Amino acid sequence: MLRLAFSLYLIFTLALLLNLAHSKTLKRDVKALNEIKASLGWRVVYSWVGDDPCGDSDLPPWSGVTCSTQGDYRVVTELQVYAVSIVGLFPTAVTNLLDLTRLNLRWNKFQDVIPSEIGELKGLTHLYLSFNNFKGEIPKELANLPELRYLYLHENRLSGRIPPELGTLQNLRHLDVGNNHLVGTIRELIRIEGSFPALRNLYLNNNYLTGGIPAQLANLTKLEILYLSYNKMSGIIPSELAHIPRLTYLYLDHNQFSGRIPIAFYKHRFLKEMYIERNSFRPGVNPIGFHKVLEIKAVSFLLLLTLFSLCLAEDVKVAVQGVTSIGTTDDNFVCATLDWWPVNKCDYDQCPWGKAGILNLDLKNKILSNAIKAFNSLRIRVGGSLQDQVLYKVGNSIKKCPHFKLRKDGLFGFSHGCLFMDRWDELNQLFKQTGAVVTFALNALIGRHKSKTDTVLWEGDWHSENARDLMKYTITKGYNIESYELGNELCGSGVGARVAAEQYAKDIVVLKNLVKELYPNATTQPKVLGPAGFYDKKWFQIFLEQSGQDVVDGLTHHIYNLGAGNDPALITRIQDPFYLNQIAQTYKDMEMTVKEFGPWSGAWVGEAGGAYNSGGKTVSHTFVNGFWYLDQLGMTSTFNHKPGISMLLINMSNKTSFDVSVINDENLYGEFVAKEDGGKMREEYHLTPKDGNIQSDEILLNGTPLKLTNSSDIPPMNPKLVNPSSPISVAADSIVFVTLRDFDAPACA
C-alpha cells in the first residue's frame, strides 16, 4: 500500500510538472514582473533571467517567484524579494499580480508610502513589509484583503492612526506595527464591534500610543501575545484582560500605567511573562516571568536568568526545583568550527577571515593550542560553507585537486578546493596535542549535478568513494574522529544549494553503513550527524522518517538569528531579551521533531554565529556578543540540546544592578517550600567590559583584565569566593557565572 501511494504521488507530481512546463504564464503577470524587474534594478536583475518569470523548458523560475497553474495558464502566487537592500519606491506593478498569496519585501530600503492599491490583492494571506523606510499612514484598504492572516509592518516610519478597519479581517492572526511613529488609542483601534476575531499576536510596541487599555480588549479571545512596550499609555490594567483564556505574553513596560495589577493575572494558567518595569505601579506589584520567584525545575546547568531594567525591584529571588530535570547535556558542550574560507573571503568591504581558514591557520600558534586546551575538552567541527566544494587528495577517485580560487559561477563565489594529506596530518597533530573532540564535516555534493529546473537544487546520489578513502587513511594513521557530519546547509531551501530530504536520507544511510564497515568496533565507532542546516519542520521530519532508526545520531541545525553582520540594528537586537527569546520556538520545534520522529537521535546546534556573513564588525568580537552567545547556550539546554552551564546571570540593563538570592525548592508536589542551601563558599565569576563599554574587546574577570601572560599562556581564571548566605550581586552590563557547591539537587546527582 505504501509503494502504491508513493507511486501515485510520483505520477501526480510528474503530471503536475508536465502541466507547468507546457502552460503559458498569464501575460498580465509577465508584464507586471518585467515592470518590477525594471524598477528594482541590478540587485534582482542578475538572477531574473529569461522572458518568462515562471520559467520554461530551458530556464527555471525567477528567484523568489512562485507560480501555479490555473486552467490553461500559470499565474504568480508568491513574490519574495527580501534582504537585498533595494532603495526606492514600492513597485506598484506588484498590485497587478492579482493571484498573489504571499508578498515578502522586508529587509530592504523601500521609501515613501504603501500604495492603497495593494488592497486589490484579494487572495493575499501573508504580507511582509517590515524593516524598510515606508512612511505615511497605513492604508485602510488593507482591510479589503479577506484572506490576510499575517501582516508585518514593523520597523518602518509609518505615522498616523492604525486603521480600525483592520479589525474586520476575519482571518488575521498576526498584526505587527511595532517600531513606527503611530499615534492613537487601543479604544479607537477596536471600536468596530467584533474586531479581530482570529487575532493571536498583537504588536503595538515602540510607538506613541496614548490612553488606557479598554476592558473591551478582552473580547479578543484568541489573543496570546500583547506587546505594548515603549508607548505613552496610562491608566490602570483592567481585570477583564486576565480573562483572555490563552494569554501567554503580556508586555506593559516603559509606559505610564498606574495602580495595582489584578490578582487574576498571577493565577492565569497560561501567562508566562508579564513585563511591567518603567511604569507608575504601586509598590509591591511584581512582574511575571524572569522577574519573579522562578519555580524552574533543575537541569544539569540549573538555570539561565536574563535580567534587564527592573527599576522597581532590585532584589530578585530565584527558586530552583532540583528534584526533577527538564533536560540533559553533554560534557563537551562548547563547539568551535574551523571553516574553509580563504584569505580573500570578503563581506561588506572587509575581509575579516585573514588566515583563520583551515588551510591557512597557523597550527603551531601557542595561543591557539592553549585556548583549545583550556576548554578540556573542546569539540572542534572541521567544516563550514565551503565544505561541499572540498576534495580530499587521497586514493584514486579524485584526479584533480585544485586550490580555492575566486569564481563568479562557483558556490559562494569560489571554485573547488583541496585538502592534502600533509595538512590533514598537521590538523590531527593539533587535535591530539590539545585533546580536542573532532567532528569532520564531509562534502555532500560529490557526484551530484544541478537540476535543470531549479538552480539551487542538486540531484543524484552522493558518491562516497572520496570520503571512504579519507576515512581509511585516517584509520591507518590512528587519528580519532568522534563523528562525521554530511553536508552543510543543504536542507530545506538551502543556502546556495539544496538537496531534497528523501535523497539526503538515502545518502546518510550510505554514510552510516560506510562508518559501520570501516569502524566495526561499536564502542569506538564515530557518530553520524546531519543535516547541518537551518531548521525546516517538514524537511527534517521526512529526513528522519526516510533515513530510519539508529542512523542519525545527532540532528544538527544552525542558528544565525541576529540578521546580517552589517545591519545597524544588530547592536540593539543583541541587547533585547524579547528579540533573543524569539528563537526559542525553533529549539522547541527541534526538540519535538526529535521526540516524535527520531528519539534515537539528539538535537545539536552544529553551528551558531549570531550575525551571518562573517559577523558584525563592531559587535561579534566584543563583550556584548556574550549576551547573545550565553543566552542561546542556556536556552538550548532547556530544550534538550547539547550545551550546558551551571548558573548564569546576564544583566542587560546599562543602569540597574541586582541582588539575586537562590533558593532550593525540593518539594516535588504541593506548595512551594524553600530550603536555604549552602555551607561551602560560593564561586563567582563576574565578567564586565573595559570602561563599561559593551563594544569593547577587552574583558575584566572579577575586576582584573583578562590578558595573555608574557609567554602567551591563558591567564588563570580564578573565582571570587563568597559567603553562600549572601545574595549574588549582578552589576549593570555584566555576566555572572556561579557555581553552587552545596546546592542539593537530586536531579543532578
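Chemist: Mind showing me how you'd approach the overall build of the protein chain here?
Modeler: On a plain count of helices and strands, the protein chain comes out with 13 helices and 44 strands. Scored against the burial criterion, the 749 residues of the protein chain give a buried share of 50%. Summed over all atoms, the accessible surface of the protein chain reaches about 34,700 Å², with 51% contributed by carbon and sulfur.

Chemist: Sorry, what's going on with the state of the cysteines here?
Modeler: Note on terminology: disulfide describes a covalent bond linking the sulfur atoms of two cysteines. In total, this model carries 3 disulfides according to the counting rule given. Between the sulfur atoms of Cys 346 and its disulfide partner Cys 351 the distance amounts to 1.9 Å. Here Cys 346 and Cys 351 share a disulfide; its torsion about the S-S bond, 95°, makes the bridge right-handed. Using a relative accessible area of 42% as the deciding quantity, one classes Cys 351 as partly exposed. Across the disulfide from Cys 401 sits Cys 418; the S-S distance is 1.9 Å. In this structure, the disulfide formed by Cys 401 and Cys 418 twists by about 100° around the S-S bond and is classed as right-handed. Placement of Cys 401 in the loop between strand 25 (390–393) and strand 26 (417–420) and of Cys 418 in strand 26 is noted, with a sequence separation of 17 residues between them. Take Cys 401: its relative accessible area is 13%, and that puts it in the buried class.

Chemist: Can you help me understand the sheet that holds strand 8 (residues 135–136) in this one?
Modeler: Picture the strands of a sheet paired through backbone hydrogen bonds; they go either parallel or antiparallel. One open sheet accounts for 3 strands, arranged 8-10-12; its pairing is parallel. Edge positions in the open sheet fall to strand 8 and strand 12 (181–183), since each of these has one partner strand only. Looking at chain direction, strand 10 (residues 157–161) and strand 12 are connected through 3 bridges and run parallel. Bridging from a neighbouring strand, Arg 161 pairs with Val 183 of strand 12.

Chemist: Could you clarify how one ought to interpret helix 6 (residues 421–434) in this entry?
Modeler: Side chains that are three or four residues apart share a direction in an α-helix, a result of its 3.6 residues per turn. Helix length check: helix 6, at 14 residues, gives a terminal C-alpha distance of 20 Å against a target of 20 Å (1.5 Å per residue), a fit within 8%. In the stretch just after helix 6, Gly 435 is the one whose phi turns positive, near 75°.

Chemist: Got a minute to help me understand the packing of aromatic side chains in this structure?
Modeler: For any pair of aromatic rings, the description consists of the separation of the ring centres together with the inter-plane angle of the planes. For the coordinates displayed, the defined rule picks out 20 aromatic pairs. With a centroid separation of 6.2 Å and an interplanar angle of 50°, the aromatic rings of Phe 90 and Phe 134 are classed as tilted. Here Phe 90 is found in the loop between strand 4 (87–89) and strand 5 (102–104), whereas its partner Phe 134 is found in the loop between strand 7 (126–128) and strand 8, with 44 residues between them in sequence. Judged by relative accessible area, which is 6%, Phe 90 ranks as buried. We classify Phe 134 as buried; its relative accessible area is 0%. For the ring pair Trp 341 and Phe 412, a centre distance of 6.2 Å and an interplane angle of 85° mean the geometry is edge-to-face.

Chemist: Please clarify how the nonpolar core should be interpreted in this entry.
Modeler: The tendency in soluble globular proteins is for nonpolar side chains to be buried side by side. If you look at the biggest cluster of nonpolar residues, it comprises 74 residues, and the most contacted ones within it are Leu 79 and Leu 103. Elements that contribute at least two residues to this core include exactly helix 2 (27–40), strand 2 (65–70), strand 3 (73–80) and helix 4 (186–189). Setting aside chain neighbours within four positions, we find Leu 103 in contact with Leu 79, Phe 90, Val 94, Ile 118, Leu 124, His 126, Leu 127 and Tyr 128. Ranked by size, the runner-up nonpolar core spans 67 residues in total, among them Trp 341, Phe 414, Phe 440 and Ile 481.

Chemist: How should I be thinking about unusual backbone geometry in this particular structure?
Modeler: Apart from glycine, the bulk of residues carry a negative phi angle, and the bulk of peptide bonds sit in the trans form. Omega for the bond connecting Asn 376 with Ser 377 falls within 30 degrees of zero, at 15°, which places this linkage in the cis form. Within the secondary structure, Ser 377 is located in the loop between helix 5 (366–375) and strand 24 (379–382). Here the residue pair Gly 530 and Pro 531 is connected by a cis peptide bond, since its omega of 5° sits within 30 degrees of zero. Relative to the helices and strands, Pro 531 is located in strand 31 (residues 527–533). Backbone geometry at Asn 376 places phi at a positive 40°, although glycine is not the residue there. One can find Asn 376 in the loop between helix 5 and strand 24. In this model, Asp 550 sits at a positive phi of 60°, which is unusual for a non-glycine residue. Take Asp 550: it is sitting in the loop between helix 9 (537–547) and strand 32 (554–559).

Chemist: How should the packing of helix 9 against helix 12 (residues 584–597) be read in this particular structure?
Modeler: Axes are the key here: two packed helices are described by the angle between their axes and the distance separating the axes. Axis separation between helix 9 and helix 12 bottoms out at 10 Å; the angle between their running directions is 25°. The angle between helix 9 and helix 12 places the two elements in the roughly parallel class. Helix 12 is crossed by helix 9, and the crossing has right-handed handedness. Within the contact between the two elements, helix 9 uses Phe 540, Gln 541, Leu 544 and Glu 545 and helix 12 uses Met 590, Thr 593 and Phe 597. Grouping the constituent residues of the contact of helix 9 with helix 12 by class yields 4 nonpolar, 2 polar and 1 charged.

Chemist: I'm lost on the sheet that holds strand 19 (residues 280–281) in this one. Help?
Modeler: Spatial ordering of the open sheet is given by 15-17-19, a layout of 3 strands whose pairing is parallel. For this open sheet the edge positions go to strand 15 (234–235) and strand 19, each flanked by a neighbour on one side alone.

Chemist: What is the right way to read the packing of helix 7 (residues 465–477) against helix 8 (residues 501–518) from this model?
Modeler: Relative orientation of the contacting elements helix 7 and helix 8 amounts to 30°, with a least axis distance of 11 Å. If you check the angle between helix 7 and helix 8, you find them roughly parallel. The crossing of helix 7 and helix 8 is right-handed. Across the interface between the two elements, Arg 468, Met 471, Lys 472 and Ile 475 of helix 7 pack against Leu 511, Leu 514, Val 515, Glu 517 and Leu 518 of helix 8. Along the lines of polarity and charge, the residues of the contact of helix 7 with helix 8 split into 6 nonpolar, no polar and 3 charged.

Calculation rules
One numbering rule holds for all chains: residues counted from 1, following each sequence as written. Selection of residues for local features in this predicted model requires a pLDDT of at least 70, selection of side-chain atom pairs for listing and counting requires 80 or more, and totals for whole chains, interfaces and linings are taken over all residues. Working from all heavy atoms in the structure, the side-chain values ignore hydrogens and water. Working definition: helices are DSSP H or I runs of at least four residues, strands are E runs of at least two. Numbering for both runs from the N terminus. Exposed residues in this analysis have more than 50% of their type's maximum accessible area, buried residues have under 20%, and partly exposed residues fall in between, with area computed by a 1.4 Å probe over protein chains only. Accessible surface area values rest on a Shrake-Rupley calculation with a 1.4 Å probe, where residue burial reflects the displayed protein chains alone. Disulfides are defined in this document as cysteine sulfur pairs within 2.5 Å. Two strands make a pair as long as DSSP finds a minimum of two bridges between them. Multiply 1.5 Å by the residue count of a helix minus one, and that product is the helix's expected span. For this analysis, a ring pair means two rings from Phe, Tyr or Trp (six-membered ring only for Trp) whose centres lie within 6.5 Å, classed as stacked if their planes differ by under 30 degrees, edge-to-face if by over 60, and tilted for the remaining angles. Definition used in this section: a nonpolar core is a set of buried Ala, Val, Leu, Ile, Met, Phe, Trp, Tyr and Cys residues joined via side-chain atoms within 4.5 Å. A contact between two residues is defined here by any heavy atoms of the two lying within 4.5 Å. Fitted lines through C-alpha atoms serve as axes, helices being fitted only where they are in contact, and the angles separating the N-to-C directions of these axes extend from 0 to 180 degrees. What sets the label is the angle itself: under 35 degrees gives roughly parallel, over 145 gives roughly antiparallel, 65 to 115 gives roughly perpendicular, and the rest give oblique. Note on convention: the crossing is left-handed when the near helix lies turned anticlockwise from the far helix by less than a right angle, right-handed when the turn is clockwise. Any residue that is not Ala, Val, Leu, Ile, Met, Phe, Trp, Tyr, Cys, Pro, Asp, Glu, Lys or Arg is counted as polar, Gly included; the first ten are nonpolar and the last four charged.

By themselves these figures say nothing about function.
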